[in-house]
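# Fold and geometry: a report
One letter stands for each residue in the lines below.
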Amino acid sequence: MRRSTIAIHGGAPHPTAGSPVVAPITQSVSFVQEVGTAEGLRYARYGNTPNVELVERRLAMLDGGEAAVALSSGMGATGCAMLALLRPGDHLLSSSWIYGGTHKLFTQELTGMGIEVTLIDPLAPRMWRKALRQTTRAIFVESPVNPTCRVLDLSSLANLAKAEGVALAVDSTFASPINFRPLEQGADIVIHSTTKYLNGHHDVLGGAVIGTASYVEEVRRKMIVWGQSPDPFSVWLLERGMKTLDVRVRRQNENAMKLAQWCETRPEFAKVLYPGLESHPDHEIAQQCLDGFGGMMALVLAGGGDAATRFLEKLEIVMHAPSLGGVDTLVSEPRYTSHAAMTPVTPSNRPFNTKARCRSARSLHTTTLIVPNSSSRVRKVTPVAVPGR
């Protein structure tokens, strides 16, 4: 079954005469239970309600995993995924190129639980093996990386993880299963913020963890204890959004590529980081491991922080807001949003907190972009014209 078909029909029961075409919302916390047994108990906090179970089957099919668990946020997914792997005294190896909330979780919360965390420069492959300990239980990476859009080669990490008997967990939120499926490249665990591409409409908060059935069941136990199950209406909206996942992501891939190519011609931008560009440092890796280059790009303004501020103030149609992956084009400053927690600036987080950096999430429509010119004024231009629009 093609992923475009899975996104619409994956995990749904076979239709019969009189059955609804759209899965109904089962907006109930409690369900009638059979007397004298715990079998078949349904309760919203357990994450086993009809809407949740449908979405979990579809998520597992999209990423090629045995099972999936849906949670109430991306951070909830990351937290429960790690708690299902790690215990006090264990050691986690993580890329230093990670989302600011994840960085805070690892360096402040997990360490407070007696879990040791080592952050590794992902461009120093020998350091991964060197940093391994007898207590290392997992390796965590993010690819593509938020917000720099760097793309990591998973093959060597997957080989290392398997050789050492540790789990490789990959947050692939920036790609979605349409562009990238880490399990196919040797990862053991996939994490998504379903808030982003999977929902795609900026109106749902959610997360997901995909992996083996036994591991996902352990994540589910953590989800129940920590109260991270999603509510039925949010999951219903997520399932609705997933139906257009394939067409949305492919359109965003096209639009982002055209905008990145245009931005690269403009002197106002000191750097354009988009994996589809030949100038991108990981372009060859992206070609090998991604089915599409994504709707995200990082832009560094030539005029520094002041230029970034002027750029944002003059945008039209494009909105200055956090998050990504929806039908609207958004631009944000990581130093004030996704990576604000990673201050003060250190050598390990400097790539994320450049004052002149903006993160752009491309939408489905052709936008009018406002860019500052060399004399600190702004000029309105139409950078791309998408055929058929």
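Values in this document were obtained by computation on a predicted structure and should not be read as measured data.

This paragraph deals with the overall build of the chain. What the chain contains, in helices and strands, is 12 helices and 14 strands. Looking at the chain as a whole, 56% of its 389 residues qualify as buried. Within the chain, contacts between residues separated by at least 24 positions form 72% of all contacts whose residues are at least 6 apart in sequence. As presented, the chain carries roughly 16,800 Å² of accessible surface, and 53% of it is formed by carbon and sulfur atoms.

Axis separation between helix α3 (residues 74-83) and helix α8 (residues 213-226) bottoms out at 8 Å; the angle between their running directions is 115 degrees. Classified by chirality, the crossing of α8 by α3 is right-handed. Within the contact between the two elements, α3 uses C80, A81 and L83 and α8 uses Y215, V219, K222, M223 and W226. Here the contact of α3 with α8 is built from residues that sort into 7 nonpolar, no polar and 1 charged.

Turning our attention to the confidence of the model for the chain. Scored by pLDDT, the chain has a mean of 89; 87% of the residues are at 70 or more. With pLDDT under 50 throughout, residues 366-389 is counted as low confidence; its partners more than four residues away or in other chains account for 63 contacts.

Below, the discussion takes up the nonpolar core. What tends to happen in soluble globular proteins is that the nonpolar side chains get buried as a cluster. M82, L110 and V209 are the most contacted members of the largest nonpolar core, which totals 29 residues. Dropping the residues within four chain positions of it, M82 is found in contact with L92, F106, L110, F140, A169 and I191.

Counted by the stated rule, this structure contains 17 salt bridges. A salt bridge links R220 to E217, with the shortest nitrogen-to-oxygen separation between them at 3.7 Å. One end of the pair, R220, and the other, E217, are both in helix α8, 3 residues apart, so they sit about a helical turn from each other. On the basis of relative accessibility, which here comes to 14%, the residue R220 falls in the buried class. For E217, a relative accessible area of 37% puts it in the partly exposed group. The salt bridge partner of R221 is E218, with a shortest N-O separation of 2.5 Å. With a gap of 3 residues between them, R221 and E218 both fall in helix α8, about one helical turn apart. Taken together, the salt bridges that share partners define one network made up of R3, R181, E184 and D291.

At their nearest, the axes of helix α2 (residues 50-63) and helix α9 (residues 232-242) sit 9 Å apart, and the two run at 35 degrees to each other. For the crossing formed where α2 meets α9, the hand is left-handed. Counted together, N51, V52, L54, V55, R58, L59 and L62 of α2 and P232, V235, W236, L238, E239 and M242 of α9 form the full contact between these two elements. Considering only residue class, the contact of α2 with α9 consists of 10 nonpolar, 1 polar and 2 charged.

Criteria and cut-off values
Residues numbered from 1 in each chain as written. Predicted model: local features only at pLDDT ≥ 70, side-chain atom pairs only at ≥ 80, totals over all residues. Heavy atoms only, no water. Helix = DSSP H or I, 4+ residues; strand = E, 2+ residues; numbered from the N terminus. Buried < 20%, exposed > 50% of the residue type's maximum accessible area, 1.4 Å probe, protein only. Contact = heavy atoms within 4.5 Å. Areas by Shrake-Rupley, 256 points an atom, 1.4 Å probe, with all protein chains shown as cover. Axes fitted to C-alpha atoms, helices over the stretch in contact; angles between N-to-C directions. Left-handed = near helix turned anticlockwise from the far one by under 90°. Nonpolar A, V, L, I, M, F, W, Y, C, P; charged D, E, K, R; others polar. pLDDT = per-residue confidence, 0-100. Core = buried A, V, L, I, M, F, W, Y, C linked by side-chain atoms within 4.5 Å. Salt bridge = Lys/Arg side-chain N within 4 Å of Asp/Glu carboxyl O.

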